[in-house]
Amino acid sequence: MLLLNIHHTAVAVRDLDAALSDLAAQYGVGPQHREVIAEQGVEEAMVAIGGSNLQLLMPLGDDTPVGRFLSSRGEGLHHIAFQVADIEAALAHLEESGAQLVDRVPRRGGGGHRIAFVHPKAFGGTLIELVEVS
Ligand code: CO
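Residues numbered from 1 in each chain as written. Predicted model: local features only at pLDDT ≥ 70, side-chain atom pairs only at ≥ 80, totals over all residues. Heavy atoms only, no water.

**Q** How would you explain the pairing of strand 8 (residues 128-132) if you had to name every residue and give the values?
**A** Among the five residues of strand 8, five are classified as buried, and the element is accordingly described as predominantly covered. Bridge analysis of strand 5 (residues 76-84) against strand 8 gives four bridges, and the strand direction is parallel. Within strand 8, the position partnered with Gln 83 by the bridge is Val 131. The pairing of strand 7 (residues 114-118) with strand 8 spans five bridges and is classified as antiparallel. Across the sheet, residue Phe 117 finds its bridge partner in strand 8, namely Glu 129. (Buried < 20%, exposed > 50% of the residue type's maximum accessible area, 1.4 Å probe, protein only. Helix = DSSP H or I, 4+ residues; strand = E, 2+ residues; numbered from the N terminus. Pairing = 2+ DSSP bridges.)

Now the structure itself:
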């Protein structure tokens, strides 16, 4: 499998505007892109930093994956996204290696990219997202 980049690191937050305002005040960076992704129950913002991005995720409700994450663990690191050249090939390779997948078939993520999640049990207790940039 070919990993191209750490596409983004995602942080779950309760208040997207407050988090963006903190980032601007503390680090002088702002979002290039902001989007509601209803299927995933989140509003996300992407902040470019060097060759990678910070993704801020705010749940649209308590009964969403990120809402449940915030209830049980509070704000913090949510996932790391690896950019891959071929997401189907990457998923096939992971499945063959025995890694537990959340998504066996890619779905549409922010920015129109195709994404798939790999279960935290597969590696380091960390949710991994694969991204094929389109
Ligand atoms: Co992500």
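**Q** Kindly report on the coordination of the cobalt ion, identifying the contributing residues and their values.
**A** Geometry reference: four tetrahedral donors at a metal, ideal angle 109.5 degrees. Six octahedral donors, ideal angles 90 or 180 degrees. Bound to the cobalt ion on the protein side are His 8 (NE2), Gln 55 (OE1), His 79 (NE2) and Glu 129 (OE), at distances that span 2.0 to 2.3 Å. The coordination sphere of the cobalt ion comprises four donor atoms, whose angles at the metal cover 80 to 169 degrees; the geometry is irregular. When the donor residues of the cobalt ion are listed from N- to C-terminus, their spacing reads H-x46-Q-x23-H-x49-E. Here the residue His 79 occupies a position in strand 5, and Glu 129 occupies one in strand 8, the gap between them amounting to 50 residues. In this structure Glu 129 comes out as buried when scored by relative accessible area, which is 4%. (Donors = N, O, S within 2.8 Å, 3.2 Å for Na, K, Ca; no water. Tetrahedral: all angles 85-135°; square planar, octahedral: opposite > 155°, others 65-115°.)

**Q** Explain the sheet that holds strand 1 (residues 3-12) to me, using residue names and the numbers behind them.
**A** Spatially, 2-3-4-1-5-8-7-6 is the arrangement adopted by the eight strands of the open sheet, whose pairing is mixed. In this open sheet, the two strands that pair with only one neighbour each are strand 2 (33-37) and strand 6 (107-108). The pairing of strand 6 with strand 7 spans two bridges and is classified as antiparallel. Residue Arg 108 lies in a different strand from strand 7, and its bridge partner there is Arg 114.

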